[in-house]
Amino acid sequence: MKNNPRKLLVTGGAGYVGSVVGAHLLAAGHQVTVLDDLSTGFREGVPDGADFVEGRVQDAAKVLDGSYDAVLHFAASSQVGESVADPAKYWHNNVGGTLELLDAMRESGVGTLVFSSTAATYGEPASIPITEDAVTAPTNPYGATKLAVDHMISGECAAHGLAAVSLRYFNVAGAYGAYGERHQPESHLIPLVLQVAQGRRDAIAVFGDDYPTPDGTCLRDYIHVADLAEAHLLALDRATAGEHLICNLGNGSGFSVREVIDTVRRVTGHPIPETARPRRAGDPAALVASAQRAHDRLGWRPTRTDLTDIVRDAWTFAQSLGEDAR
Ligand SMILES: NC(=O)c1ccc[n+]([C@@H]2O[C@H](COP(=O)([O-])OP(=O)(O)OC[C@H]3O[C@@H](n4cnc5c(N)ncnc54)[C@H](O)[C@@H]3O)[C@@H](O)[C@H]2O)c1
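Once a new chain begins, its residue numbering starts again from 1 and follows that chain's sequence as written. With pLDDT at 70 or above as the cut-off, local features in this predicted model cover only qualifying residues; side-chain atom pairs require 80 or more to be listed or tallied, and sums for whole chains, interfaces and linings still use all residues. Only hydrogens and water are set aside when side-chain values are computed; all heavy atoms of the structure are taken into account.

A.B. asks: Help me understand the packing of helix α1 (residues 16-27) against helix α6 (residues 225-238), please; the structure alone is not making it clear to me.
C.D. replies: When two helices pack together, their arrangement is given by the angle between the helix axes and the distance between those axes. Contact geometry for α1 and α6: axes closest at 9 Å, N-to-C directions at 60 degrees. On the basis of their axis angle, the class for α1 and α6 is oblique. The handedness of the crossing between α1 and α6 comes out as right-handed. Counting all contacts with α1, which are made through Tyr16, Val17, Val20, Val21, His24 and Leu25, the residues of α6 involved are Val225, Ala226, Leu228, Ala229, Glu230, His232, Leu233 and Leu236. Each residue belonging to the contact of α1 with α6 can be placed in one class, and the counts come to 11 nonpolar, 2 polar and 1 charged. Axis lines are fitted to C-alpha atoms, over the contacting stretch for helices. Their N-to-C directions set the angle, which ranges from 0 to 180 degrees. Each helix corresponds to a stretch of at least 4 residues labelled H or I by DSSP, and each strand to a stretch of at least 2 residues labelled E; elements are numbered beginning at the N terminus. Orientation categories follow fixed angle ranges, with anything under 35 degrees roughly parallel, anything over 145 roughly antiparallel, 65 to 115 roughly perpendicular, and all other angles oblique. Here a crossing is called left-handed whenever its near helix is offset anticlockwise from the far helix by less than a right angle, and right-handed whenever the offset is clockwise. Contacts were defined at the residue level, with two residues in contact if any of their heavy atoms lie within 4.5 Å. Note that Gly is not counted as nonpolar here; it falls among the polar residues with everything else outside the nonpolar set of Ala, Val, Leu, Ile, Met, Phe, Trp, Tyr, Cys and Pro and the charged set of Asp, Glu, Lys and Arg.

A.B. asks: Looking at this model, I keep getting lost on the side chain of histidine 224. Mind explaining?
C.D. replies: Mapping histidine 224 onto the fold places it in strand β10 (residues 222-224). As used in this structure description, the phrase polar contact means that two N or O atoms lie within 3.5 Å; if the pair is within protein, one of them must be able to donate a hydrogen and the other to accept it, and residues adjacent in sequence are counted only when both atoms belong to side chains. Side-chain polar atoms of histidine 224 contact the side chain of aspartate 313, separated by 2.8 Å. With sequence-adjacent residues up to four places away left out, histidine 224 is seen in contact with Ala173, Gly174, Ala175, Arg304, Ile310 and Asp313.

A.B. asks: For this particular structure, what's the right way to read unusual backbone geometry?
C.D. replies: Residue isoleucine 128 is joined to proline 129 through a cis peptide bond whose omega torsion reads 0 degrees. Assignment of secondary structure puts proline 129 in the loop between β5 (112-118) and α4 (141-160). A cis amide bond, omega 0 degrees, links glutamine 184 with the succeeding residue proline 185. Among the secondary structure elements, proline 185 is positioned in the loop between β7 (171-173) and α5 (189-197). You will see that leucine 38, though not glycine, has its phi angle at about 60 degrees, which is positive. Relative to the elements of secondary structure, leucine 38 occurs in the loop between β2 (31-36) and β3 (51-54). Only protein chains enter the calculation, and the probe is 1.4 Å; a residue is then buried if its accessible area is under 20% of its type maximum, exposed if over 50%, and partly exposed in between. Judged by relative accessible area, leucine 38 falls into the partly exposed class, the value being 23%. In this structure, isoleucine 272 takes a positive phi of about 50 degrees despite not being glycine.

A.B. asks: Explanation requested: the packing of aromatic side chains in the structure shown.
C.D. replies: The relation between two aromatic rings is expressed through the spacing of the ring centres and the mutual angle of the planes. Aromatic pairs are defined between Phe, Tyr and Trp rings, using the six-membered ring for Trp, whenever the two ring centres lie within 6.5 Å; interplanar angles under 30 degrees are classed as stacked, those over 60 as edge-to-face, and all others as tilted. Applying the stated rule across the entire model yields 0 aromatic pairs. Whether a charge sits over a ring comes down to the Lys NZ or Arg CZ being within 6 Å of the ring centre and within 35 degrees of the ring normal. Above the plane of the ring of tyrosine 68 lies lysine 7, whose end atom (NZ or CZ) is 4.5 Å from the centre. Above the ring of phenylalanine 42, the side-chain terminus of arginine 182 is found at 3.6 Å from the ring centroid.

A.B. asks: Whenever I open this one, the site of the ligand confuses me. Can you help?
C.D. replies: Whether a residue is near a molecule or strand is decided by its heavy atoms; if any one of them lies within 4 Å of it, the residue is near. Around the ligand sit 30 residues in total, of which Asp36, Thr40, Asn93, Tyr142 and Lys146 are the nearest. The side chain of lysine 146 places a nitrogen or oxygen atom 2.6 Å from an oxygen atom of the ligand. The contact in question runs from an oxygen atom of the ligand to an N or O atom on the backbone of valine 172, over 3.2 Å. Using a 1.4 Å probe, the Shrake-Rupley method yields the accessible areas, and only the shown protein chains count as cover for residues. Within the complex, the protein chains bury 97% of what would otherwise be the 830 Å² of accessible surface of the ligand. Looking at the shell around the ligand element by element, the count peaks at 3 residues for β5.

Interpretation note: all reported values are geometric properties and have no functional meaning in isolation.
So, in structure tokens, the structure goes:
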């Protein structure tokens, strides 16, 4: 049990990241209420021991009262491709929803927020590793809405003394016990390759093998979801009234698409056929975080940095899902 257990609202706590962070918050002795509309999350994703309110972030005022100490805000629409096809959905849900949440927090006197931001706020990086001072030029509506929310939060901190930390995740991966990645449709590389291993897909598409990287495929920074969860607990403790702290969360080292596929082959024993495809527009050659600020300001260091461990945890979770739950 922690020294200072807090009463926390976790929006999006039935989704992938929110469920894992929620489980860590409960293990640390905090009291957790999950607010989730189950639009992309799952009832069984709500961590054991949390209270559950099925509802929208837009209605947070119905839940938040003076008894809450802080909000961890994961609820969002987060499919890049969908955001290009239906940008208004993203502005309504991510920006509109967060605006309502910030109003409800201010009105009920909840003074601390930890927000799920993203590497997509930076767009194509001029150099790597990407620091928080890098230019923010998102290349899709998803990244633009997350950047807009970061600006909204900065305003609340300056005007009303909100204590806020935005955590800009790079590629979240792996699983934590019963909680893992179940996006539908899935767009993340590791679960997609695992679907090939499970016979749910014939082959994995490799988009571009002529990038200026060691093996020609794109480099991405994979961060284990349990490492990510630990950063949220630290952020909750370190948030300071009137300050909006923005920290990248990544391993600081990239793995190529080919390394991921080879690792899945080793972990699962499946040959994983590949299909060569042309590069996709807007796919940078490398996206790798500098996590120096998260270390300096939060005292955070990722410890589960071995790609084999990350893939093994994701594989164990994928296999634990019954046929109809996939
Ligand atoms: N997974 C990643 O690699 C990654 C990377 C960067 C940032 N993020 C951010 O982290 C957060 C969590 O991502 P995830 O991968 O767990 O996604 P997810 O889709 O699994 O979880 C999102 C949850 O929010 C809920 N939700 C969505 N809109 C809502 C609303 N208006 N009201 C209430 N609930 C709502 C969904 O039902 C779902 O349970 C998102 O904000 C996402 O943008 C994720």
